[in-house]
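So the chains spell out like this:
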Amino acid sequence: MTPEEFRTYGYAAIDWISHFLEHTREYPVLPETSPGELVDRLPRQGPELPEPFDQILEDFEREIVPRSTHWNHPRFMGYFANSSPGEGIIAEMLAAALNPNGMLWKSSPAATELEQVTLDWLRQWMGLPEGWFGQILDTASTSTFHAIVAARVHKGHKCSDATLTLYASKHAHSSIEKGAMAAGIARENVRLIDVDEEFRMRVDLLEAAIVADLAEGKVPFCVIPTVGTTSVASIDPVREVVAIARRHGLWVHVDCAYGGSTAIDERYRHFLDGVDGADSMVVNPHKWLFVPMDLSVLYCRNREWLGDAFSLVPEYLRTTGDERALNYHEYGLPLGRRFRSLKLWFTMRGYGRVKLAAMIHEQIVAAKNLAAQIAAHPDFEICAPVHFSLVVFRHRRSDEFNQSLLDAVNETGEALLSPNVLAGRKVIRLAIGNIQTNAADLAAVWALVQEKASELGGSISREG
Ligand SMILES: Cc1ncc(COP(=O)(O)O)c(C=O)c1O
């Protein structure tokens with residue numbers, strides 16, 4: 001592509017993006033497609049010769065967009081919602097233009113130092129202790145895997161060892177078990193501790209499990225409480241978990257992938273109570289700080305603990321050791337590193353902490369208001385306390401009814417909610433988090449849920 005062609009097609013792409021961002025609501029959140037449809041529609045072999053670029057753009061619009069689930073849609077409320085506003089999109093484009101590989105300071109001084117600067121800003125915004133070392137990875141799953149490996153090495157176990165034992169709650173994200181699995185921890189040595197009535201890890205059971213494991217000759221090495229669990233957004237008692245971990249010599253990694261960013265608002269700082277005593281934590285700005293996929297941040301109390309686990313410097317990567325020249329590859333698994341900090345920098349500067357905090361606050365208030373409306377409806381019930389922006393509810397009829405209701409809502413393409421099973425019962429998750437979601441969207445989704453419930457003949461109150 002010549003610079004002239006780039007200008008032409010680049011403007012066309014920007015026009016398309018601008019229109020898309022303005023009219024996202026007009027797209028169905030969930031596409032009408034079936035598995036394999038796109039595979040069948042595209043050629044089985046890649047092109048031998050160049051194709052005209054306008055044809056490629058046309059195919060993007062005709063083939064790709066209609067088969068996309070629109071995570072950028074304001075009524076995408078399944079899983080945990082995320083966003084890519086203009087600031088992040090432009091930053092991604094510019095990062096691709098510079099295309100640095102931030103493995104060493106020398107391979108990209110700007111990418112390296114901007115990562116240091118933005119992560120220190122974020123650390124301060126969340127009230128984490130001075131001196132904690134941050135690095136950007138793709139996802140919370142990868143960040144947690146890094147923490148588990150570092151914890152194992154810190155315990156003095158460099159290889160897999162059948163006695164190493166790890167603890168999390170029954171509501172912990174599957175990435176914890178998966179990270180342990182990939183780190184060579186035996187599946188049967190991952191203890192998922194039971195929770196209390198508010199879905200918080202029970203610390204009495206945690207300590208009892210550690211004591212029992214020690215008596216059996218196991219080596220408890222890591223505990224992972226969560227601030228904002230995926231299923232119900234519950235908050236484990238991190239401070240008490242840390243106290244137990246200190247008594248028994250365990251590493252504490254806190255999964256704040258979803259809930260952590262709320263701490264940029266003083267009103268929600270208490271959610272991170274106790275995290276300052278942990279050894280590492282993960283927060284995902286790509287979940288709830290309005291930064292496009294992907295950007296997860298792993299903070300660790302001591303940079304060298306990550307170095308102990310991941311530093312291996314072959315001759316061709318050796319640099320003259322200037323103390324201020326940070327070589328990120330020595331603290332994590334990837335050698336090549338994308339310039340992800342640029343989109344964090346653009347977002348942090350484009351909004352400022354006060355505006356970002358206000359947006360998060362508004363979404364928490366909106367979630368609580370919606371939960372109050374749902375709780376007031378005789379046919380529905382709220383199934384978990386609403387601390388953040390996740391509302392977990394169910395229709396009082398059967399599990400089958402809730403599944404049909406969820407399917408009926410999602411099939412309209414007007415909103416996307418997600419299922420879960422809580423205490424053996426089918427529940428519906430509604431997660432607010434997209435930057436464009438407004439009060440009208442929430443009212444529309446709640447109206448849609450009620451409409452579909454009554455179409456399915458679900459009014460218990462009328463019968464009663
Ligand atoms: C609490 C929590 N931890 C970890 C993850 C995994 O996140 P990622 O997709 O960044 O690996 C999720 C995903 O939703 C989550 O909710």
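Coordinates for the structure precede this section.
Not measured: the values here are computed from a predicted model. (Residues numbered from 1 in each chain as written. Predicted model: local features only at pLDDT ≥ 70, side-chain atom pairs only at ≥ 80, totals over all residues. Heavy atoms only, no water.)

Q: Before we go on, may I ask you to explain the overall build of the protein chain in this structure?
A: Summing up its helical and strand segments, the protein chain has 15 helices and 11 strands in all. Since a compact globule built from 464 residues should have a radius of gyration of about 23 Å, the 24 Å found for the protein chain is in line with a globular shape. Expressed as lengths along the three principal axes of its C-alpha atoms, the size of the protein chain is roughly 65 × 65 × 45 Å. Counting over 464 residues, the protein chain shows a buried share of 50%. A separation threshold of at least 6 residues defines the contact pool for the protein chain, and within that pool the share at least 24 residues apart is 75%. Approximately 21,300 Å² of the protein chain is accessible, and the part contributed by carbon and sulfur atoms is 54%. Distance from the positive charge centre (45 side chains) to the negative charge centre (60 side chains) of the protein chain: 4 Å. (Helix = DSSP H or I, 4+ residues; strand = E, 2+ residues; numbered from the N terminus. Rg over C-alpha atoms; globule rule 2.2 N^0.38 Å. Buried < 20%, exposed > 50% of the residue type's maximum accessible area, 1.4 Å probe, protein only. Contact = heavy atoms within 4.5 Å. Areas by Shrake-Rupley, 256 points an atom, 1.4 Å probe, with all protein chains shown as cover. Lys, Arg positive; Asp, Glu negative; His and termini not counted. Charge placed at Lys NZ, Arg CZ, Asp CG, Glu CD.)

Q: What's the story with the site of the ligand in this structure? I'm lost.
A: Taken together, the neighbourhood of the ligand is formed by 13 residues, with Ala140, Ser141, Thr230, Asp255 and Asn284 sitting nearest. Between the ligand and Ala140 there is a distance of 2.8 Å, counted from an oxygen atom to a backbone nitrogen or oxygen. Asp255 places a polar side-chain atom, nitrogen or oxygen, 2.6 Å from a nitrogen atom of the ligand. For the ligand, the accessible surface in isolation is 400 Å², of which the surrounding protein chains cover 87%. Elements that contribute at least two residues to the shell around the ligand include exactly helix H6 (140-154) and helix H10 (285-288). (Near = heavy atom within 4 Å. Polar contact = N/O pair within 3.5 Å; in protein donor to acceptor, adjacent residues only side chain to side chain.)

Q: What should I look at first to understand a nonpolar patch on the surface in this one?
A: On the surface, a cluster of nonpolar side chains totalling about 400 Å² of accessible area is made up of Met1, Phe6, Phe53 and Ile56. Within the fold, Phe6 resides in helix H1 (residues 3-22). By relative accessible area, Phe6 is classed as exposed at 52%. (Patch = residues over 30% accessible without salt bridge, like charges linked within 9 Å, V, L, I, M, F, W, Y side chains within 5 Å. Salt bridge = Lys/Arg side-chain N within 4 Å of Asp/Glu carboxyl O.)

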